[in-house]
Structures are given as C-alpha cells and as structure tokens.
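Descriptive structure summary
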Amino acid sequence: ATILALETSCDETAVAIVKNRKVLSNIVASQIAIHQPYGGVVPEIASRHHLEAINHCIDRALNVAKIDWSDIDGIGATCAPGLVGALLVGATAAKTLAMVRNKPFLGIHHLEGHIYASYLCKPQLQPPFLCLLVSGGHTSLIHVKAHGQYKTLGKTRDDAVGEAYDKVARLLNLGYPGGPAIDKLAQTGNSQAFPLPEGKISLPEGGYHPYDFSFSGLKTAVQRLVRKLEQKTAPLPIADIAASFQETVAKSLTRKTITCALDHNLNTITLGGGVAANSRLRTLLQNSTEKNHLRLCFPSLEFCTDNAAMIACAAVEHLNRGYNSPLNMEVQSRLNIADILEFRLNERE
Ligand code: ATP
Ligand code: MG
Ligand code: FE
C-alpha cells in the first residue's frame, strides 16, 4: 500500500509518502530555529507554525514523490503522544484529507513510528526483536512480539536520555537541541577525563533493576562537576565533560540492552528515536552485538529524529492487515504503547 502520513507531535512539521517500505518522499520542516531563543519548544508557537507549514509540506511530498491522490491508498497521522495542540494540526489535516479524498484514515502512535523507522532501512526485518527506543521524551526497551504487539521491559524512572542530553548541553552553554552538539564536541574530548556515576535503580529485595534506566543523578553529577571546575579551571574543559557524559550514557544503554536481549532470547536489536543518531551509542552497540552474536539494525540518521516516513511505514503495515481508524479518533498527550490496541484500529468492514 502507498500511504501519505503527517507527523506534527512536537517541533517538526513532517509529511512523507511511503510505498510499502520504500520512501518516495520525506519532507521535514524543522522549527528548531524558531524555538532556539526560548531554549526549548514553546507549544503554542509550535502549533501555529505547523498550521502555516502543513499545506506546503503536503504539496512538496506529492511533488517529490511524483504521484497524485489516485495513487494514495490511505492517510496516516501521529495521534499520540505529544503536544495536544501540535498533534491536532496533523491529525485534523489527515482526517480532512481522508474525508475529502475518500481514503482510509490511520491514527498512529508516535513511538510505534520510531520503532518502524528500522524497517525503512531493513525491509526484511521481522518481529520478534528488542527495540531500544531513545528519544527526547522516552527511554524504553520494548519487546516487539509481533506487528502491533508491544511489551515494555525497561524504561527510565526519571529523565529521558534525550532530555538529559538537552539539560547537560544547557549546562555547557551548547544551546538547543543539545544532543547533536554534545555528540560532535564529545568526539574531540577525552571520555576518561571525569568518572561519572551510572544511574541504577535499586530493588527492594536488593540488587538493581537490570533494564530500568535513570539519568537525573548523572545530570546532577555533571552539574556539580561544572560548578567545581568553574571555580578553578578556566576555560571549562567542555569537550572532556561532554565526552565523559556521552561515554557513561552510551555504556549504560548498551549494557542494559544487551542483557535484556540475551535474557529474553531475542537475537535482533533495533534502535529508534532521536538519540539513536548518537555516534558513540551506535559504535558501542555495534561492537557489543557482534561480540554476542546478535543482529543490530538502526535507522539512517534522517529517520532517527522525528519524521513522517516512519509514521507512514507503520500505517502501511496496519492498512495491509485490514485496519483503519475512526475519523472521530482523538489525539492524546500521553499514551502507553502497550495500550495501542484500545487506542483505535477498528477492523475494516
Ligand atoms: P518523543 O519521541 O519521545 O516524543 P521527541 O520526538 O521530541 O520525543 P526525537 O525527535 O525523537 O524526540 O529526538 C529528539 C532528541 O534527540 C533530542 O533530545 C535531541 O537532543 C536528541 N538527539 C538528536 N541527535 C542526537 C545525537 N546525535 N546524540 C544524542 N542525542 C541526540
Ligand atoms: Mg523533535
Ligand atoms: Fe520522537
């Protein structure tokens, strides 16, 4: 099936057309520059810019793919989770198009999209597998049992890893968004310069939760380190701090992911979300999966951060299985990926 999908859950206005697992067009209008002065995404501003950009992005997606409406089998949109005002723009546009063009509508969970990004780079990928989902709002180990069937085996107890990156970047005056800036700077620094604590979740019966993450303690440790260094060293060794932080994060994510995969007899690991673009995480996971004879599959960089191709790819799968969503489906700011079936997906008559 060929799907046109819209993604407006945060600060990217994205439209893509995907035929099965092949991307025909992938348009992303980023609002990063607009939100930069505020040091983060301002919801009302995001919604307004989605509204201004969406029609143009849809036209561009059709032009680049060189197809017209008669070639499109369904319209998809991210419906949860995300900023409600922002989600509403994409979901309402998609429902309107579905109605006017008489096509099925498919409401998609944003994290399911991040998981499906891996299929764009490896079309032969099949469940079951373990997905390490690392983004601005989430850090989870998700067991993908079958299409649409998810079980969260581990998650962060406090900050998401992308959030930790953004906060540490602010401490180092690297601006917003922080992930790419820290990644770049870390490559010039010494990752062994400062030992930092890896977050661990204690269990009541003793020991540590093997698959859950914590990043707020690490962020506080970096904060304390910066305060201490500021008093004696000038200039601040920001490259070494960035490298030490990045190494701690990548090691922690890699170790828990490998343990989780081995414990659950899953021999394929996939990556998804904005932090999946991180160079150190990709390298460490590559090395560890090879050593443990596991398969690793990660999306190309453009499909790690928010995009609509991953949403379209998930929608293709649902449509091919005979599902679509009611036009009165609501957008939701929060929704667990395991609750996705209650979320919608009515059997087509
Ligand atoms: P969610 O998907 O949880 O709703 P989101 O959509 O805002 O959140 P994404 O767009 O998937 O998040 O990812 C954005 C995050 O990825 C930001 O926190 C950004 O700093 C981080 N990021 C992007 N590139 C890199 C990188 N190379 N290294 C580390 N972090 C990165
Ligand atoms: Mg984003
Ligand atoms: Fe995202």
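Residues numbered from 1 in each chain as written. Chains lettered and ligands numbered in written order. Predicted model: local features only at pLDDT ≥ 70, side-chain atom pairs only at ≥ 80, totals over all residues.

- The protein chain has the name tRNA N6-adenosine threonylcarbamoyltransferase in an unreviewed UniProt entry, where Lusitaniella coriacea LEGE 07157 is given as its organism.
- Quoted verbatim from the Subcellular location (unreviewed entry) field of the UniProt record, the comment on the protein chain reads "Cytoplasm".
- The UniProt entry for the protein chain carries the following text under Sequence similarities (unreviewed entry): "Belongs to the KAE1 / TsaD family." (UniProt positions renumbered as here; feature names shortened; annotations may be inferred.)

What about the overall build of the protein chain?
- Within the protein chain, the regular secondary structure consists of eleven helices and twelve strands.
- Computed over C-alpha atoms, the radius of gyration of the protein chain comes to 20 Å, within 12% of the 20 Å expected from 2.2 N^0.38 for 349 residues, which places it in the range of a compact globule.
- Taking the principal axes of its C-alpha atoms as reference, the protein chain extends roughly 65 × 45 × 35 Å.
- Per-residue burial over the protein chain gives 49% buried out of 349 residues.
- Of the contacts formed within the protein chain by residues at least 6 apart in sequence, a portion of 74% connects residues at least 24 apart. (Helix = DSSP H or I, 4+ residues; strand = E, 2+ residues; numbered from the N terminus. Rg over C-alpha atoms; globule rule 2.2 N^0.38 Å. Buried ≥ 20, exposed ≤ 12 C-beta atoms within 10 Å, placed from the backbone. Contact = placed C-beta atoms within 7 Å.)

Focus: the site of ligand 1
- Close to ligand 1 lie 24 residues, the nearest being Gly136, Gly137, Gly162, Gly179 and Gly274.
- Counting only elements with at least two residues in the shell around ligand 1, the list comes to α4 (110–121), α5 (161–171) and α6 (178–186).
- The element best represented in the shell around ligand 1 is α6, accounting for four residues.
- Per-class residue counts for the shell around ligand 1 are six nonpolar, 15 polar and three charged. (Near = placed C-beta within 6 Å. Nonpolar A, V, L, I, M, F, W, Y, C, P; charged D, E, K, R; others polar.)

Observations concerning the packing of α4 against helix α10 (residues 309–320)
- Interhelical geometry of α4 versus α10 gives an angle of 85° and a closest axis separation of 7 Å. The angle between α4 and α10 places the two elements in the roughly perpendicular class. Contacts from Glu112, Gly113, His114, Tyr116, Ala117, Tyr119 and Leu120 in α4 reach Ala309, Met310, Ile311, Cys313 and Ala314 in α10.
- Here the contact of α4 with α10 is built from residues that sort into nine nonpolar, two polar and one charged. (Axes fitted to C-alpha atoms, helices over the stretch in contact; angles between N-to-C directions. Parallel < 35°, antiparallel > 145°, perpendicular 65-115°, else oblique.)

Details of the nonpolar core
- Membership of the largest hydrophobic core comes to 102 residues, with the highest contact counts inside it found for Ala16 and Ala312.
- Tallying contributions element by element places helix α8 (residues 238–263) first for this core, with ten residues.
- Every residue in contact with Ala16, bar those within four places of it in the chain, is listed here: Ala5, Val23, Ser25, Asn26, Ile27, Ala61, Asn307, Ala308, Ala309 and Ala312. (Core = buried A, V, L, I, M, F, W, Y, C linked by C-beta atoms within 7 Å.)

Remarks on the sheet that holds strand β7 (residues 139–146)
- An order of β8-β7-β6-β9-β10 is seen for the five strands of this open sheet, with the pairing classed as mixed. Looking at the sheet topology across the chains shown, the edges are occupied by β8 (149–155) and β10 (295–297). Across this sheet, the average inter-strand angle for adjacent strands is 25°, counted without regard to direction.
- When strand β9 (residues 268–272) meets β10, the two strands line up parallel, connected through three bridges. By the bridge assignment for β10, Thr268 is matched with Arg295.
- Sitting on the sheet, helix α9 (residues 279–291) is in contact with β9 and β10, with an inclination near 155° to β10. (Pairing = 2+ DSSP bridges.)

A few points about the pairing of strand β3 (residues 22–30)
- With eight bridges joining them, strand β2 (residues 12–19) and β3 adopt antiparallel strand pairing. Its bridge partner being in β3, Val18 is matched across the sheet by Val23.
- Here β2 folds back onto β3, and the loop between the two strands holds two residues, one of which, Asn20, carries a positive phi near 55°.

A word on the UniProt feature "binding site: substrate" (unreviewed entry) in the protein chain
- The UniProt feature table records "binding site: substrate" (unreviewed entry) at Leu133, Val134, Ser135, Gly136, Gly137, Asp166, Gly179, Asp183 and Asn278.
- Topologically, Val134 is positioned in strand β6 (residues 129–134).
- Take Val134: there are 30 C-beta atoms within 10 Å of it, and that puts it in the buried class.
- With residues up to four places along the chain from it excluded, the contact list for Val134 reads Thr139, Val161, Gly162, Leu253, Gly273, Val275 and Ala276.
- Of note, Gly136 is situated in the loop between β6 and β7.

Observations regarding the UniProt feature "binding site: Fe cation" (unreviewed entry) in the protein chain
- The positions UniProt marks with the feature "binding site: Fe cation" (unreviewed entry) are His110, His114 and Asp306. Considering the C-alpha atoms alone, the annotated residues occupy 197 residues of sequence yet fold into one spot, their largest mutual distance being 8.9 Å.
- Within the element layout of this structure, His110 appears in helix α4.
- Residues in contact with His110, not counting those within four places in the same chain, are Ser9, Thr78, Ala80, Pro81 and Gly82.
- Within the secondary structure, Asp306 sits in the loop between β10 and α10.
- For Asp306, the residues in contact, after removing those within four places along its chain, are Glu7, Ser9, Cys10, Glu12 and Ala14.

As for the packing of α5 against α6
- It is at 8 Å that the axes of α5 and α6 come closest, and there the two elements cross at 70°. The angle between the axes of α5 and α6 places the two elements in the roughly perpendicular class. Between α5 and α6 the crossing geometry is left-handed. In this structure, α5 contributes Gly162, Tyr165, Asp166, Val168, Ala169 and Arg170 to the contact, and α6 contributes Gly178, Gly179, Ala181 and Ile182.
- For the contact of α5 with α6, the residue count by class is five nonpolar, three polar and two charged. (Left-handed = near helix turned anticlockwise from the far one by under 90°.)

Focus on the pairing of strand β4 (residues 74–80)
- Taken across its seven residues, β4 has seven buried, putting it largely inside the fold.
- Two strands pair when backbone bridges link them, and strand β1 (residues 2–7) and β4 are joined in this way by four bridges, in the parallel orientation. Counted as the bridge partner of Leu4 is Ile75 from β4.
- Pairing of β4 with strand β5 (residues 105–109), which is carried by five bridges, proceeds in the parallel orientation. Paired with Ala80 across the bridge in β5 is His109.
- The parallel pair β4 and β5 is bridged by helix α3 (residues 84–101), and the resulting crossover is right-handed. (Right-handed = clockwise from strand over helix to strand, strands pointing away.)

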